[in-house]
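Each chain, written out:
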Amino acid sequence: MRQTSPQQYKAAGHELEIAPAVLNNAAAAMQRIASINSQLFPLLTLKHLSIESDVSYGFLRKTVAREAGRYRHIYLRKKVPGRKNVRMVSIPEGRLLRCQKWISENILRFGAPHQASYAYHPGSNPVFAARAHTEAKWLIKVDIQDFFHAISEHQVYRAFRSLGYARLMSFELARLCTMPCERLEPDTADVKYLEATITHYYSPYVGILPQGAPTSPMLSNLVMKELDAKLAKLADDNAMNFSRYADDIVFSCKDARPSQSVNRVKRLILKALNDEGFRPNLRKTKVRGPGTRKVVLGILVDGKQPRLPREYKDKIRQHLHYLTHPDFGPAGHASARKTSVSRIYHHVFGLICWAKAVEPSFGEEALRSFNAVNWPPISKPKFYS
């Protein structure tokens, strides 16, 4: 990444005989971005992005105008109690993917999320999110419906603006990081501004975050930052703990307060989400009180330390039993499950890695048993402790 200071930029511009007013405006824009975070790349124009990302300017301009930049959609079926559902994963075409990776590596990874956000940023960890709710007496769990698709290009535009980028540059970045979806109601200031300046960029469709683009996870954190702050204040006002892991919102408290008080907080959480344009998934909205099992991101949190559910441990023990049994072993266990030895190896290894992260002592013991299995020659990952 080639970083340039405003002074260097102006000095080079003078040698090229660029108008002083242009250089001063560019230097001011660079300084504004640096004042937010000096590590953010001082991106000035779409042409600038084209050079840095090595993606043609014509393609980027057409993508911003919604004339290029296609996505390949994959539909993954997920099991939902009582009904079937499908998750759409959208994979950007090669040039757009290359541009989005550049945006992720040079801009988005330097955008700080709210401290209560535990996903999609360096150092994030679901175990840390669960640890925030240990010894919970009451637990409120709220899930956001169609999380990525609920975030519009207008919200993404404002996220880039919050990082110090100019209005036009923020709009172009927002278009490059979203895919068109539904009809647009042009009732926001940024749309009116763009319609009045660059008619080529007009589109009758509003963009949404595609699940599958490398930019979407970190952008979702930036978009949610203001709402995270509101939810954190709501938690503080009610002496509760708050965490968000992607679309999973959790509130908890360690005291045995009346259920009416907890349900009031739940209603306020749902209202805050609705006010920001998000639809809570009421089927997944749960309140767990004293005496009930409390699980956050698959981790038990009703004790002093995060713990694995008993059924998760039993699953690992069952695998290890058959893998070490003389009548089965890796080949027999894989055959019984109608899969390959390689798939069994990586599946069980993944289960143990998660167990080690949540309960290190149990995970270490399981890993020793796993490594003692008489595995045939196979491509084995290295375990990082």
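Residues numbered from 1 in each chain as written. Predicted model: local features only at pLDDT ≥ 70, side-chain atom pairs only at ≥ 80, totals over all residues. Heavy atoms only, no water.

Keep this limit in mind: UniProt positions are given in the numbering used here, feature names are shortened, and annotations may be inferred rather than shown by experiment.
In the nomenclature of an unreviewed UniProt entry, the chain is known as RNA-directed DNA polymerase of Thioclava litoralis. Per UniProt, the chain carries the Catalytic activity (unreviewed entry) text "DNA(n) + a 2'-deoxyribonucleoside 5'-triphosphate = DNA(n+1) + diphosphate". A UniProt comment under Sequence similarities (unreviewed entry) is attached to the chain, and it reads "Belongs to the bacterial reverse transcriptase family."

1. Here we look at the overall build of the chain
Under the convention used in this document: Secondary structure elements are taken from DSSP: a helix is a run of H or I of four residues or more, a strand is a run of E of two residues or more, and numbering for both begins at the N terminus. Burial status follows relative accessibility: with a 1.4 Å probe on protein chains alone, a residue under 20% of its type maximum counts as buried, one over 50% as exposed, and anything between as partly exposed. By the convention used here, residues are in contact when the closest approach between their heavy atoms is within 4.5 Å. Only the protein chains shown count as cover for residues, and the accessible areas themselves come from Shrake-Rupley with a 1.4 Å probe.
Looking only at helices and strands, the chain has 15 helices and 10 strands in total. Residues counted as buried form 46% of the 385 residues belonging to the chain. Across the chain, contacts joining residues at least 24 apart in sequence account for 70% of those joining residues at least 6 apart. Carbon together with sulfur atoms contributes 51% to the accessible area of the chain, which is approximately 20,000 Å² in total.

2. Some points on helix α12 (residues 310-324)
Quick reminder of the rule: Multiplying 1.5 Å by the helix residue count minus one yields the expected span of that helix. The arc in question is traced by the directions running from the helix axis to the C-beta atoms.
With 15 residues, α12 ought to run about 21 Å at 1.5 Å a step, and its terminal C-alpha atoms sit 21 Å apart, in line with that. Along α12, the residues classified as buried are Y312, K313, I316, H319, L320 and L323. The arc enclosing the buried residues of α12, seen along the axis, measures out at 125°, which places them on a common side. Buried-residue contacts for α12 involve α13 (329-336), α14 (341-358) and α15 (360-371).

3. Observations regarding the packing of aromatic side chains
Spelled out, the test is: Pairs were defined over the aromatic rings of Phe, Tyr and Trp, the Trp ring being its six-membered one, requiring ring centres within 6.5 Å. Orientation was assigned from the angle between planes: stacked under 30 degrees, edge-to-face over 60, tilted for the rest. Sitting over a ring, as applied to charges here, requires NZ of Lys or CZ of Arg to be within 6 Å of the ring centre and within 35 degrees of the ring normal.
Under the criterion given, the structure shown has 12 aromatic pairs. Their ring planes at 40° and their centres at 6.1 Å tell us that Y120 and F148 sit as a pair that is tilted. With Y120 in the loop between α5 (94-106) and α6 (126-131) and F148 in the loop between β3 (138-143) and α7 (153-162), this residue pair connects regions lying 28 residues apart in the sequence. Y120 sits in the partly exposed class, given a relative accessible area of 31%. Ring geometry for F370 versus W375: centroids 5.1 Å apart, planes at 55°, classification tilted. Here F370 matches W375 in class, with each residue buried. Within the aromatic cluster, the residues linked to one another by ring pairs are Y120, F147, F148 and F278. The ring of F362 carries the charged tip of K313 above its face, separated from the ring centre by 5.2 Å.

4. With respect to the side chain of R175
Heads up, the condition is: In protein, a polar contact requires one atom able to donate a hydrogen and another able to accept it; more generally it is a pair of N or O atoms within 3.5 Å, and residues adjacent in sequence count only if both atoms are side-chain atoms.
In this fold, R175 is placed in helix α8 (residues 167-176). For R175, the side chain forms a polar contact with the side chain of E153, separated by 3.0 Å. Excluding anything up to four places from it in sequence, R175 contacts V64, A65, R66, E153, Y201 and S203.

5. Some points on α15
Helix length check: α15, at 12 residues, gives a terminal C-alpha distance of 16 Å against a target of 16 Å (1.5 Å per residue), a fit within 8%. All of the buried residues in α15 are F362, G363, A366, L367 and F370. Take α15 and look down its axis: the buried residues cluster within an arc of 135°, on one side only. What points out from α15, more than 90 degrees from its buried face, is the exposed set S361, R368 and N371. Its buried side turned inward, α15 meets α12 and α14.

6. Examining the packing of α14 against α15
To keep things clear, this is the line we draw: With axes taken as lines fitted to C-alpha atoms, and helix axes fitted only over the stretch in contact, angles between N-to-C directions fall between 0 and 180 degrees. Orientation is classified from the angle alone, with under 35 degrees giving roughly parallel, over 145 giving roughly antiparallel, 65 to 115 giving roughly perpendicular, and any other angle giving oblique. By the definition used in this description, the sense in which the near helix is turned from the far one sets the handedness, with an anticlockwise turn below a right angle giving left-handed and a clockwise turn giving right-handed. Residue classes follow a fixed rule: Ala, Val, Leu, Ile, Met, Phe, Trp, Tyr, Cys and Pro count as nonpolar, while Asp, Glu, Lys and Arg count as charged, and any other residue, Gly among them, counts as polar.
For the pair α14 and α15, the least separation of the axes is 6 Å and the interaxial angle reads 155°. Taken together, the axes of α14 and α15 lie roughly antiparallel to each other. Here the hand of the crossing between α14 and α15 comes out left-handed. Along the contact surface, α14 presents Y345, V348, F349, I352, A355, K356 and V358, while α15 presents P360, F362, G363, E364, A366, L367 and F370. Residue classes in the contact of α14 with α15 are distributed as 11 nonpolar, 1 polar and 2 charged.

7. Some remarks on the packing of α7 against helix α10 (residues 216-237)
At their nearest, the axes of α7 and α10 sit 9 Å apart, and the two run at 85° to each other. If you check the angle between α7 and α10, you find them roughly perpendicular. Contact residues: Q155, V156, A159 and F160 in α7; L219, L222 and V223 in α10. Here the residues of the contact of α7 with α10 sort into 6 nonpolar, 1 polar and no charged.

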